[in-house]
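# Structural features, examined
Below are the chains, spelled out letter by letter.
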Amino acid sequence: MKIIRSIKSMQSFSRQMAAKGKTTAVVPTMGYLHEGHVSLVSRAQKEADVVVTTIFVNPAQFAPSEDLARYPRDEKRDIRLIEAALGKASKNAAIFIPKAEDMYPADFETWVIVEKLTSVLEGARRPTHFRGVTTVVAKLFNIVRPDVAVFGQKDFQQAMVLGRMTRDLGYPIKFIVAPTVREEDGLAKSSRNAYFDEQGRWEAVALYYALQTAREMVKAGISAAGPITREMQAVIRATSPTAEIDYIAFNDAKTLENRTEVSKGTICSLAVRIRGVRLIDNLKLK
Ligand code: PAF
């Protein structure tokens, strides 16, 4: 497997692959990989001849108050995990690990912005976050020139925003959103789970319990968002007494329009701070 650290070398690798008639799938990540990422890499392998995983803790998507310096990193382990996931196919694979100063030169000033889809949920709470995500992914697309890109459903708004960007900017890329991978107790896999001590880890399952409660209520015929939200809040407090609920929201899964009634295509998403760690999760309810 090739470890590529410069933009020029990545571009030349992509050109070589294209010249050989090989298709490429990209899996953009911020590293500190877990089974969720591994599932994206495995999916990418099924979709194309060459898999390029990118590892870049993107400063542009962190607000000054957020955890950029603290974000967990373990490059050697990431490389091992990707190699193990790809097996023999790692011969044809590459990992692109660019430097921040190459991705964002000192006088960098060009941004890619998806306007409306980023005005709600995570975008409303983290106003500069998505512009950082779309800009870095557009850059990665331009450098890697993939035929396929794979993202995870856990960050469903991110996947929607990037899907819209891909379509709007006319990237000739097959855009795949792969299912969330969960721990045995239901907690969505996330690099941020590494922040938890044992107690926090137990409490973190609160988000999943809340989403399951919503699903059960909808199955039982309750569709009003109000009572479902109250029950979800109660479940979260019972599981994690100090949890701070940022939002519990019901939206149309295609447009992100707010829903006060759960109907076909409604997705429930939530953001909760458990012992200081902010987690997000979501579930399509109908
Ligand atoms: O989901 C992530 O890890 C990041 O937001 C992404 C898509 C790699 C962009 O930095």
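Before reading on, note that the structure itself is shown above.
The following paragraphs examine the structure supplied in this document.

## Observations regarding the packing of aromatic side chains
Counting across every chain of the model gives six aromatic pairs. Considering the side-chain rings of Tyr-104 and Phe-108, the 4.9 Å spacing of their centres and the 85° angle between planes classify their relative orientation as edge-to-face. Residue classification places Phe-108 among the partly exposed positions, given a relative accessible area of 22%. When the ring of Phe-108 is compared with that of Trp-111, the centres are 5.3 Å apart and the planes differ by 85°; the resulting orientation is edge-to-face.

## A few points about the packing of helix 6 (residues 129-144) against helix 7 (residues 156-168)
Running from amino to carboxyl end, helix 6 crosses helix 7 at an angle of 50°, the nearest separation of the two axes being 10 Å. Of the possible angle classes, the one that applies to helix 6 and helix 7 is oblique. Crossing angle aside, the handedness with which helix 6 passes helix 7 is right-handed. For the pair helix 6 and helix 7, contact is made by Phe-130, Val-133, Thr-134, Val-137, Ala-138 and Phe-141 and by Gln-157, Gln-158, Val-161, Leu-162, Met-165 and Thr-166, respectively. Looking at the contact of helix 6 with helix 7 residue by residue, the class counts come to eight nonpolar, four polar and no charged.

## A short note on the site of the ligand
Every residue near the ligand is listed here: Pro-28, Thr-29, Met-30, Asn-58, Gln-61, Val-136, Phe-151 and Gln-158. For the ligand, an oxygen atom lies 2.6 Å from a polar atom in the side chain of Gln-61. Between the ligand and Gln-158, the relevant distance is 2.7 Å, taken from an oxygen atom to a side-chain nitrogen or oxygen of the residue. In the complex, 89% of the free accessible area of the ligand, which totals 290 Å², lies under the protein chains. Tallied by class, residues from the shell around the ligand come to four nonpolar, four polar and no charged.

## What about the pairing of strand 9 (residues 277-284)?
Across the eight residues of strand 9, six count as buried, placing the element largely inside the fold. In terms of strand pairing, strand 8 (residues 266-274) meets strand 9 through eight bridges, oriented antiparallel. Residue pairing for strand 9: Ser-269 is matched across the bridge by Asn-282. Hairpin geometry of strand 8 and strand 9 is characterised by an intervening segment of two residues between the two adjacent antiparallel strands and by a positive phi of about 45° at Arg-275.

Thresholds, definitions, all that
- Residues numbered from 1 in each chain as written.
- Predicted model: local features only at pLDDT ≥ 70, side-chain atom pairs only at ≥ 80, totals over all residues.
- Heavy atoms only, no water.
- Phe/Tyr/Trp six-rings, centres within 6.5 Å; stacked < 30°, edge-to-face > 60°.
- Buried < 20%, exposed > 50% of the residue type's maximum accessible area, 1.4 Å probe, protein only.
- Axes fitted to C-alpha atoms, helices over the stretch in contact; angles between N-to-C directions.
- Helix = DSSP H or I, 4+ residues; strand = E, 2+ residues; numbered from the N terminus.
- Parallel < 35°, antiparallel > 145°, perpendicular 65-115°, else oblique.
- Left-handed = near helix turned anticlockwise from the far one by under 90°.
- Contact = heavy atoms within 4.5 Å.
- Nonpolar A, V, L, I, M, F, W, Y, C, P; charged D, E, K, R; others polar.
- Near = heavy atom within 4 Å.
- Polar contact = N/O pair within 3.5 Å; in protein donor to acceptor, adjacent residues only side chain to side chain.
- Areas by Shrake-Rupley, 256 points an atom, 1.4 Å probe, with all protein chains shown as cover.
- Pairing = 2+ DSSP bridges.

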